[in-house]
Amino acid sequence: MKTEPKPRSKKPTKEAVFRGIAVSPGIAIGPIHDTSEVATDVPRRVITPAEVEAEREKLNQAAATARKQVTKLKTRLNILPEEAQEELAPLLDAYILMLGNSRLLRGARKRIGDAGLGAETAVLDEAEEIAALILATKDDDKAGLLRRAGEVREIGRRLIRTLTATPFRSLKDVPQGAILIAEEITPADAALLDPARIAGVATEEGGADGHTAIMLRALGIPAVLGCHGLTEAASRGDQAVLDGGTGKVVLHPGEAALVAAREGLAGYARERTKLGKLRRLPAETTDGEVVELQANLEIPAELPLIAQAGAQGIGLLRSEFLFMNRPELPDEDAQFDAYRSIVEAMAGDAVTIRVLDWGGEKDMEALGQGVPAHTGPNPALGLRGIRLLLKRPELLEEQFAAILRVSARGPVRVMLPMITIPEEVAQAREIYERVARRLRRRGEALPEKLPPLGAMIETPGAALAADAIALEADFFSIGTNDLAMYTLAVDRAETDVAHLYDPLHPAVLRLVQFATEAALRMRMQVSVCGEMAGNPRLVPLLLGLGLRSLSMNASAIPRVKQAIRVLDIDDCARFARRVMEQSDPARIRELVAAFGAEKAKPIS
Ligand code: PEP
Ligand code: MG
């Protein structure tokens, strides 16, 4: 498919404001780069006659998926200004028709059989032919013809993207300083983003604590997710302002919006300088209680940020990065090299390596890993985290071996994701010790005492059985992201239910309290590594519940430290008791805001 300039359908050209979920603070001013322009250069694929039926079925499935996506977009138009709705609704209707029993799909199905083409190649050829026919029509309305041809190509691209499960590969070609917009960005896509190049990110899909949001925060890229209507309204090259702190994107900003954005940018720079001064100061309350502040690491590119932030080690190394965006699984040596460079960079500060937490949103199939895909109806409740690893123990053995070898180079802890029963920790420990014995026989120098093996407490089951799990685990780390998702039955990455995702729901807080108290009774180390830990407004509550160790996105450390340094621990305990008496999340939010307002002091 040729990449002719995208014809401008009747899209708004006046200033238009779009609102979404504020997931990563910061301001971006720049041209829009729309990633839906990709997937035009897929390799041509031919098939055998025996594959024709399966290929047609693949096309049918892709059309159904794409139709669902566009229909969903349409149901969300009502949040846009009426004028924009009137312009966009007919466009989406045309898309939905084209994804039904249209000439495009009939033609592509025929090409699969007649010419023996792979489905994506068939779609490409058919869309090109239809576009060429439209453009050759005798009609004075050249702009209209161009627009209709563009629509056919757009639908072709959409189908090809679905058919090839292509992550947005054009992420690599984003122009310097652009604001990247897309319907959705997967965690694997986000891992490829270059924060020095991309000014901001806005997507239609996504929730505040999904892995994509976490990755964007970790990279320090200002981002707004769940920003409905933006991708349909914006065209490549349009000017925009994005505010990741308030969740606002202004398309075609007027002078006032531009001036405000420039002031905001300068404000962020001033704040960064002030916060930088906290780096060497302890995270200590006014009455001398010291809190351990560690960093979460999703990709090694964050290491310099972690050093700058003054983290006391890594409290959560999400090892998934090692398995993403590569054609095959990393072997023991490749993992060893990656962990070693991180452990050495941390120069004596502990690194908590979480073994592979695959599944749920972090879809394996899309990443083409050769790990059995969980195609069940509800992947978040399926074979993810420790369940997958115990079912495929060779994966766990390789990872344990790499981590154990690294433990001779610096302090390491090992963490198990998605634990729900004590038996999972016991089984993992058996494998852990077996791998250690094997390595010792091989002559590897391991520390006499093996690194601690801890459990993530991120399911309601684990939180309520924390006392039993504590008998098997060496430490706990509370993952409030999944804990909130599973407690409230709200997908953390799903825009449509994002308003219900609430770590301040009393049910979630009670589980945090229960697990923390179970650990403290056993004198076992317990920390929080979910996104809650990096929210300065929630720190008084976490300290009041008895927590003294928090692990967060490196860029949040200075603000959390600043918050801790004006707190008194008895105040926090009283405040937490008050909060825990409440049953209404809205009232809890009010209490949190009031406590924060009282404590807020400018940095001196
Ligand atoms: C969590 O669930 O809170 C957590 C820290 O793990 P992840 O976000 O990687 O699922
Ligand atoms: Mg989790």
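Shown above is the structure to which this text applies.
Please read these numbers as outputs of a predicted model, since none were measured by experiment.

Student: Account for the environment of Leu281, with residues named and values stated.
Tutor: Here Leu281 shows up in the loop between α9 (255–276) and β9 (292–297). In this structure the C-alpha to C-alpha distance between Leu281 and Gly310, which are 29 residues apart in sequence, comes to 9.0 Å. Residues contacting Leu281, with those up to four places away along its chain left out, are Lys561 and Arg565.

Student: Tell me about the coordination of the magnesium ion (ligand 2), and name the residues and values.
Tutor: Of the protein atoms, only Glu458 (OE) and Asp482 (OD) coordinate the magnesium ion (ligand 2), at distances of 2.0 Å. On the criterion of sequence distance, the pair formed by Glu458 in the loop between β13 (453–457) and α16 (460–464) and Asp482 in helix α18 (residues 480–488) is long-range, its members being 24 residues apart. Looking at Glu458, the relative accessible area reads 2%, which means it is buried. Here Asp482 falls in the buried class, since its relative accessible area comes to 2%.

Student: So what's going on with the packing of aromatic side chains? Which residues, and what values?
Tutor: Tallied over the entire structure, the rule returns three aromatic pairs. Note that Arg405 overlies the ring of Phe336, its terminal NZ or CZ placed 4.2 Å from the centroid. The lysine or arginine in question, Arg413, covers the ring of Phe475, its NZ or CZ lying 3.8 Å from the ring centre.

Student: Mind laying out the sheet that holds strand β6 (residues 223–225), listing which residues take part and the relevant values?
Tutor: With mixed pairing, eight strands are arranged side by side in an open sheet as β1-β8-β7-β3-β4-β5-β6-β2. Two strands close off the open sheet at either side, each with one partner strand: β1 (16–19) and β2 (21–24). Within this sheet the neighbouring strands show an average axis-to-axis angle of 30°, counted without direction. In the sheet, strand β5 (residues 198–203) pairs with β6 via two bridges, with the strands oriented parallel. Its bridge partner lying in β6, Ala202 is registered against Val224.

Student: Please provide a residue-by-residue account of the pattern of salt bridges, values included.
Tutor: A pair can form between side chains of opposite charge whenever their charged atoms are brought close. Applying the stated criterion across every chain, the model contains 37 salt bridges. With its nearest N and O atoms 2.6 Å apart, the salt bridge here joins Arg44 to Asp125. Here Arg44, found in the loop between β3 (27–34) and α1 (52–75), pairs with Asp125, found in helix α4 (residues 119–136); they are 81 residues apart in sequence, far enough to count as distant. By relative accessible area, Asp125 is classed as buried at 19%. Between Glu183 and Arg158 there is a salt bridge, with the nearest N and O atoms lying 2.8 Å from each other. Of the two residues, Glu183 is situated in the loop between β4 (178–182) and α6 (187–190) and Arg158 in helix α5 (residues 142–164); the sequence distance between them amounts to 25 residues. Through salt bridges with shared partners, a single ionic network connects Glu320, Arg354, Asp357, Arg384, Asp482 and Arg492.

Student: How would you sum up the site of ligand 1? Please name residues and give values.
Tutor: Near ligand 1, the surroundings consist of 16 residues, among which Arg318, Arg354, Gly479, Asn481 and Arg492 are the closest. Here an oxygen atom of ligand 1 sits 3.0 Å away from a polar atom, N or O, in the side chain of His211. A distance of 2.6 Å is found between an oxygen atom of ligand 1 and a side-chain nitrogen or oxygen belonging to Arg318. Here ligand 1, which alone exposes 290 Å², has 100% of that area covered by the protein. The set of elements that each furnish at least two residues to the shell around ligand 1 consists of α7 (211–219), β10 (314–318) and α18. Considering each element in turn, the shell around ligand 1 owes the most residues, three residues, to α18.

Definitions and limits used
Residues numbered from 1 in each chain as written. Chains lettered and ligands numbered in written order. Predicted model: local features only at pLDDT ≥ 70, side-chain atom pairs only at ≥ 80, totals over all residues. Heavy atoms only, no water. Helix = DSSP H or I, 4+ residues; strand = E, 2+ residues; numbered from the N terminus. Contact = heavy atoms within 4.5 Å. Donors = N, O, S within 2.8 Å, 3.2 Å for Na, K, Ca; no water. Buried < 20%, exposed > 50% of the residue type's maximum accessible area, 1.4 Å probe, protein only. Phe/Tyr/Trp six-rings, centres within 6.5 Å; stacked < 30°, edge-to-face > 60°. Lys NZ or Arg CZ within 6 Å of the ring centre and 35° of its normal. Pairing = 2+ DSSP bridges. Axes fitted to C-alpha atoms, helices over the stretch in contact; angles between N-to-C directions. Salt bridge = Lys/Arg side-chain N within 4 Å of Asp/Glu carboxyl O. Near = heavy atom within 4 Å. Polar contact = N/O pair within 3.5 Å; in protein donor to acceptor, adjacent residues only side chain to side chain. Areas by Shrake-Rupley, 256 points an atom, 1.4 Å probe, with all protein chains shown as cover.

Everything listed here is a matter of geometry and, on its own, says nothing about what the molecule does.
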